[in-house]
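Chains, contacts and geometry: an overview
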Amino acid sequence: MTKESFEDRIVSTYFDRIDRRITNWMARTGITVLRIGLGIIFIWFGVLKFFPGLSPAEELVRNTVYFVSPDLFIPVLATWETLIGLGLISGKFMRLTLLLLFLQMTGILHWPTCVSADPDGDVGRLPAVRRLTISIDGERYDQTILY
């Protein structure tokens, strides 16, 4: 059995104390920080949709929404996303906010079923989205969405 030196005990006690403080802080604030961060992203992308030509997703929305005119749908979607962001940041009306978020996520995940790909892997109606391949870990999917 090795005997711990005085310095080792002080260092381990000091680091243990710091580790516990950081872990407790993360446990208390982690969900709030994530909620606010996601809210900022939703506000950012929602507000961009209010200004034609600024949103990188505008062309995608125009080419995948067939049940209503995109000129009508994009401002509704912009309002929807902005409301989700405001709800997440404020923490108010969380049940309604999470319902809107759930419905938004089903719409976001639905778009690959709305586009047809040719045998080369290029997406037919979306010139900005090329060689769409969805890998198991989702890395390629994420890269395609960000363009």
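This section reports on the structure supplied with the text. (Residues numbered from 1 in each chain as written. Predicted model: local features only at pLDDT ≥ 70, side-chain atom pairs only at ≥ 80, totals over all residues. Heavy atoms only, no water.)

**Examining unusual backbone geometry**
Glycine aside, negative phi is the norm for most residues, and most peptide bonds take the trans geometry. Defined as follows: Strands here are runs of E lasting at least two residues and helices are runs of H or I lasting at least four, both read from the DSSP assignment and numbered beginning at the N terminus.
For Phe-93, which is not glycine, the phi torsion reads 50° and is therefore positive. Structurally, Phe-93 can be placed in the loop between helix 3 (70–90) and helix 4 (94–110).

**Section: helix 3**
To keep it simple, the criterion reads: The span one expects for a helix is its residue count, reduced by one, times 1.5 Å. Here the term buried applies to any residue with accessible area under 20% of the maximum for its type, exposed to any over 50%, and partly exposed to those in between, with areas from a 1.4 Å probe on protein chains only.
Helix length check: helix 3 (21 residues) gives 29 Å between terminal C-alpha atoms against 30 Å at 1.5 Å per residue, within 8%. Along helix 3, the residues classified as buried are Pro-70, Ile-74, Leu-77, Ala-78, Glu-81, Thr-82, Ile-84, Gly-85, Gly-87 and Leu-88. Phi for Gly-91, located one or two positions after helix 3, is positive at around 80°.

**Let's talk about the nonpolar core**
Across soluble globular proteins, nonpolar side chains have a tendency to be buried as a group. Rules: For the purposes of this section, nonpolar cores are sets of buried Ala, Val, Leu, Ile, Met, Phe, Trp, Tyr and Cys residues that join through side-chain atoms within 4.5 Å. Note on contacts: a residue pair is in contact if any heavy atoms of the two residues lie within 4.5 Å.
Counting 5 residues, the largest nonpolar core is built from Phe-42, Ile-84, Leu-88, Leu-100 and Leu-101. Elements represented by at least two residues in this core include exactly helix 3 and helix 4. With residues up to four places along the chain from it excluded, the contact list for Leu-101 reads Leu-38, Phe-42 and Ile-84.

**Let's talk about the side chain of Glu-81**
Keep this limit in mind: In protein, a polar contact means a hydrogen-donor-capable atom and an acceptor-capable atom, both N or O and within 3.5 Å, with residues adjacent in sequence counting only if both atoms are side-chain atoms; elsewhere, any N or O pair within 3.5 Å suffices.
Structurally, the position occupied by Glu-81 is in helix 3. At a separation of 2.7 Å, a polar atom in the side chain of Glu-81 contacts the side chain of Gln-104. Aside from chain neighbours lying at most four places away, what touches Glu-81 is Phe-42, Ile-43, Phe-45, Gly-46, Lys-49 and Gln-104.

**Describing a nonpolar patch on the surface**
Selection criterion: In this scheme, patches are assembled from residues that exceed 30% relative accessible area and form no salt bridge. Like charges are connected within 9 Å, while nonpolar side chains (Val, Leu, Ile, Met, Phe, Trp, Tyr) are connected within 5 Å. Each accessible area value is a Shrake-Rupley result obtained with a 1.4 Å probe; residue values ignore everything except the protein chains displayed when judging cover. Salt bridge, as applied in this entry: a Lys or Arg side-chain nitrogen positioned within 4 Å of an Asp or Glu carboxyl oxygen.
Together, Phe-93, Leu-96, Leu-99, Phe-102 and Leu-103 make up a nonpolar patch on the protein surface, roughly 550 Å² of accessible area in all. Topologically, Leu-99 is positioned in helix 4. With relative accessibility at 43%, the residue Leu-99 sits in the partly exposed group.

**What about the pattern of salt bridges?**
For the coordinates displayed, the defined rule picks out 4 salt bridges. A salt bridge links Glu-81 to Lys-49; its shortest N-O distance comes to 2.9 Å. Here the residue Glu-81 occupies a position in helix 3, and Lys-49 occupies one in helix 1 (residues 6–49), the gap between them amounting to 32 residues. On the basis of relative accessible area, Glu-81 is assigned to the buried category, the value being 5%. Here Lys-49 falls in the buried class, since its relative accessible area comes to 9%. For Arg-62, the salt bridge goes to Glu-58, with nearest N and O atoms at 3.2 Å. Of this pair, Arg-62 and Glu-58 both sit in helix 2 (residues 58–64), 4 residues apart, which is roughly one turn of that helix. Arg-62 gets classed as partly exposed once you look at its relative accessible area, which sits at 34%.

**Points about helix 1**
Spelled out, the test is: The angle between axes fitted to the seven residues ending at a residue and the seven residues starting there is what we call the bend at that residue.
Over its 44 residues, helix 1 runs 61 Å from end to end, which matches the ideal 64 Å to within 8%, given 1.5 Å per residue. Thr-29 marks the point of greatest bend in helix 1, at about 50°. If you check which residues of helix 1 are buried, you get Gly-39, Phe-42, Gly-46, Leu-48 and Lys-49.

Keep in mind these values describe shape, not function.
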